[in-house]
Amino acid sequence: MAVEKKGDCPHRHLELLPQPPKRLQCQHCHLTITAEELAGGFCPECYDSRGEKRYDFDEIKTAQTTATRYRCEDCGAIIEIRKDQAAAR
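Residues numbered from 1 in each chain as written. Predicted model: local features only at pLDDT ≥ 70, side-chain atom pairs only at ≥ 80, totals over all residues. Heavy atoms only, no water.

Chemist: Which residues make up the overall build of the chain, and what values do they have?
Modeler: Secondary structure summary: the chain contains two helices and seven strands in total. Going residue by residue from the N terminus, the α and β elements of the chain occur as β-β-β-β-α-β-β-β-α. Here the chain holds 89 residues, and 19% of them are scored as buried. The long-range share in the chain, meaning contacts at least 24 apart out of those at least 6 apart in sequence, stands at 52%. About 6,800 Å² of surface is accessible on the chain, with carbon and sulfur atoms providing 47% of the total. (Helix = DSSP H or I, 4+ residues; strand = E, 2+ residues; numbered from the N terminus. Buried < 20%, exposed > 50% of the residue type's maximum accessible area, 1.4 Å probe, protein only. Contact = heavy atoms within 4.5 Å. Areas by Shrake-Rupley, 256 points an atom, 1.4 Å probe, with all protein chains shown as cover.)

Chemist: Tell me what's going on with unusual backbone geometry, and back it up with residues and numbers.
Modeler: Among all residues except glycine, the phi angle is most often negative; among peptide bonds, the trans geometry is most common. Phi at histidine 11 takes a positive value of approximately 55 degrees, unusual for a residue other than glycine. Among the secondary structure elements, histidine 11 is positioned in the loop between strand E1 (2-3) and strand E2 (14-16).

Chemist: Any details on the sheet that holds strand E5 (residues 57-59)? Residues and values, ideally.
Modeler: Spatially, three strands are ordered E4-E3-E5 in an open sheet, and the strand pairing comes out antiparallel. The open sheet has two edge strands with one neighbour each: strand E4 (32-34) and E5. On average, adjacent strands in this sheet sit at an angle of 35 degrees to one another, irrespective of strand direction. Pairing between strand E3 (residues 23-26) and E4: three bridges, direction antiparallel. (Pairing = 2+ DSSP bridges. Axes fitted to C-alpha atoms, helices over the stretch in contact; angles between N-to-C directions.)

Chemist: Which residues make up the packing of aromatic side chains, and what values go with them?
Modeler: Following the criterion strictly, the structure yields two aromatic pairs and no others. Judged by centre distance (5.1 Å) and plane angle (55 degrees), the ring pair of phenylalanine 42 and tyrosine 47 falls under tilted. The interplanar angle of 80 degrees and the centroid separation of 6.2 Å between the aromatic rings of phenylalanine 42 and tyrosine 55 together place this pair among those described as edge-to-face. Placement of phenylalanine 42 in the loop between E4 and helix H1 (44-50) and of tyrosine 55 in the loop between H1 and E5 is noted, with a sequence separation of 13 residues between them. What links up through ring pairs into an aromatic cluster is the set Phe42, Tyr47 and Tyr55. (Phe/Tyr/Trp six-rings, centres within 6.5 Å; stacked < 30°, edge-to-face > 60°.)

Structure follows, in structure tokens:
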């Protein structure tokens, strides 16, 4: 378990942090955006700067993590638990 320790907090009030969303990158202007932000389906940067509706995106590969992250609501520390560490206990 990796802990960013802050003082003597016992970390009793934890909040589960969501996994980061998938990110897309425009093949033309290289704008990076989440699929949720891409509500219109076309690249907003290409449309704003050139008036062109471009729909060509690549999914950005992120490091596959098997970690679950929590934040202590009392001190703000981020606690990361990896599945391989949990299984070793």
